[in-house]
Each structure stands twice: as C-alpha cells, then as structure tokens.
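# A structural walkthrough
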Amino acid sequence: MAEEGQVIGCHTVEVWKEHFTKAAESKKLAVVDFTASWCGPCRFIAPILADVAKKMPHVVFLKVDVDELRAVSKEYEVEAMPTFIFFKEGKIVDKVVGAKKDELLMSIDKHAAKVASA
C-alpha cells in the first residue's frame with residue numbers, strides 16, 4: 001500500500017469512507033487526527049504524528065479537518081482540536097483530546113502492540 005508510513009489527509013467524505021473502510025478491513029490500528037487549519041496545538045502535534053507514521057507502517061494514520069468534514073467530526077462527537085480517535089475493525093478503542101504528545105504516543109504504542117501480537 002502506497003499510504004503506509006504517512007498520515008493520509010481525507011478531504012472529502014468519499015475519501016474518508018474509503019480509507020476508514022480499508023483500515024477496518026485490514027484489522028490494523030487506525031489513528032484518526034481530527035484537526036483544524038487555524039488550531040495552533042494541531043500544528044504543533046502534526047509533525048510528531050508524521051514522524052510516528054514513518055516509524056509505524058503497521059498502523060493507519062488518517063487526518064480529518066473538522067471544517068472540511070463537519071459531518072464526520074459530528075458523527076464522532078469531536079468538540080476540541082486536536083482529537084485523536086483510535087479504531088480497530090471500525091470500532092473506537094481509545095481517544096486522546098489535546099496535543100498531549102506523551103499520552104498520544106503511549107496510546108499508539110499500547111494499541112499497535114495488541115494488533116502486532118494478534
């Protein structure tokens with residue numbers, strides 16, 4: 001898959017659904033970054049997430065701009081940015097609200113390890 005090792009920006013609902021479905025069917029951990037272009041903490045955490053994505057090709061990283069895809073943000077009740085929601089097989093398994101680098105990295109490691117050992 002060409003998308004491995006990077007954060008995939010989903011700019012339309014169709015692209016979101018395609019990547020979300022692909023991730024759910026792959027049984028990989030999917031980390032979705034709900035972000036906004038005007039959000040300072042989002043800009044702080046974005047390069048950290050991109051770096052993690054390079055190191056973890058066995059995890060799917062998606063990015064959703066809450067202003068572009070309001071319906072998706074609303075569906076997952078995103079109220080603050082950044083919000084990171086962790087999915088396995090299409091189901092929410094964890095959530096980190098805010099640009100909390102350590103908490104985000106620990107959650108990725110915790111859930112990615114479960115997938116790798118499954």
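None of these values were measured; they are calculated from a predicted model.

In this structure's numbering, the residues bearing the UniProt feature "active site" (unreviewed entry) are Cys-39 and Cys-42. Mapped onto the elements of the fold, Cys-39 is located in the loop between strand S2 (29-35) and helix H2 (40-55). Judged by its relative accessible area of 4%, Cys-39 falls in the buried class. Contacts of Cys-39, omitting those with residues within four sequence positions, involve Met-81 and Pro-82. The residue Cys-42 is located in helix H2 in this model.

With that settled, the discussion passes to the UniProt feature "site: Deprotonates C-terminal active site Cys" (unreviewed entry) in the protein. Under the feature "site: Deprotonates C-terminal active site Cys" (unreviewed entry), the UniProt entry names Asp-33. Its location among the elements puts Asp-33 in strand S2. Residue Asp-33 is classed as buried on the basis of its relative accessible area of 1%. In this structure, Asp-33 is in contact with Leu-49, Leu-62, Lys-63, Val-64, Pro-82, Thr-83 and Phe-84, ignoring residues within four places of it in sequence.

Here the idea is simple: oppositely charged side chains can pair when their charged atoms come close. Across all of its chains, the model carries five salt bridges by this definition. When the shortest N-O distance is used, the salt bridge between Asp-33 and Lys-63 registers 4.0 Å. Of the two residues, Asp-33 is situated in strand S2 and Lys-63 in strand S3 (residues 59-65); the sequence distance between them amounts to 30 residues. With relative accessibility at 24%, the residue Lys-63 sits in the partly exposed group.

For the rest of this paragraph, the subject is the packing of aromatic side chains. Enumeration according to the criterion identifies seven aromatic pairs in this entry. Residues Phe-20 and Tyr-76 carry aromatic rings whose centres are separated by 6.4 Å and whose planes lie at 45° to one another, so their mutual orientation is tilted. Of this pair, Phe-20 sits in helix H1 (residues 13-26) while Tyr-76 sits in the loop between helix H3 (70-75) and strand S4 (83-88); the two residues are 56 residues apart in sequence, bridging distant segments of the chain. By relative accessible area, Tyr-76 is classed as buried at 14%. Judged by centre distance (6.2 Å) and plane angle (45°), the ring pair of Phe-34 and Tyr-76 falls under tilted. Here Tyr-76 lies in the loop between H3 and S4 and Phe-34 lies in strand S2, a separation of 42 residues in the sequence. Summarising the burial analysis for this pair, Phe-34 and Tyr-76 share the class buried. The rings of Trp-16, Phe-20, Phe-34, Tyr-76 and Phe-87 are connected pair by pair, giving a single aromatic cluster.

Parameters and conventions
- Residue indices begin from 1 for each chain and proceed along its sequence in written order.
- Where totals are concerned, whole chains, interfaces and linings use all residues; where local detail is concerned, this predicted model gives features only for residues with pLDDT of at least 70, and gives and counts side-chain atom pairs only at 80 or more.
- The side-chain figures draw on all heavy atoms in the structure; neither hydrogens nor water molecules are used.
- UniProt positions are given in the numbering used here, feature names are shortened, and annotations may be inferred rather than shown by experiment.
- Only DSSP runs of H or I with at least four residues qualify as helices, and only runs of E with at least two residues qualify as strands; both kinds are numbered from the N terminus onward.
- Type-normalised accessible area, obtained with a 1.4 Å probe on protein chains alone, sets the label of each residue: buried when under 20%, exposed when over 50%, and partly exposed for intermediate values.
- Any two residues having at least one pair of non-hydrogen atoms within 4.5 Å are treated as being in contact.
- For this analysis, a salt bridge means a side-chain nitrogen from Lys or Arg found within 4 Å of a carboxyl oxygen belonging to Asp or Glu.
- Two aromatic rings from Phe, Tyr or Trp, using only the six-membered ring of Trp, form a pair when their centres are within 6.5 Å; if the ring planes differ by under 30 degrees the pair is stacked, by over 60 it is edge-to-face, and anything between is tilted.

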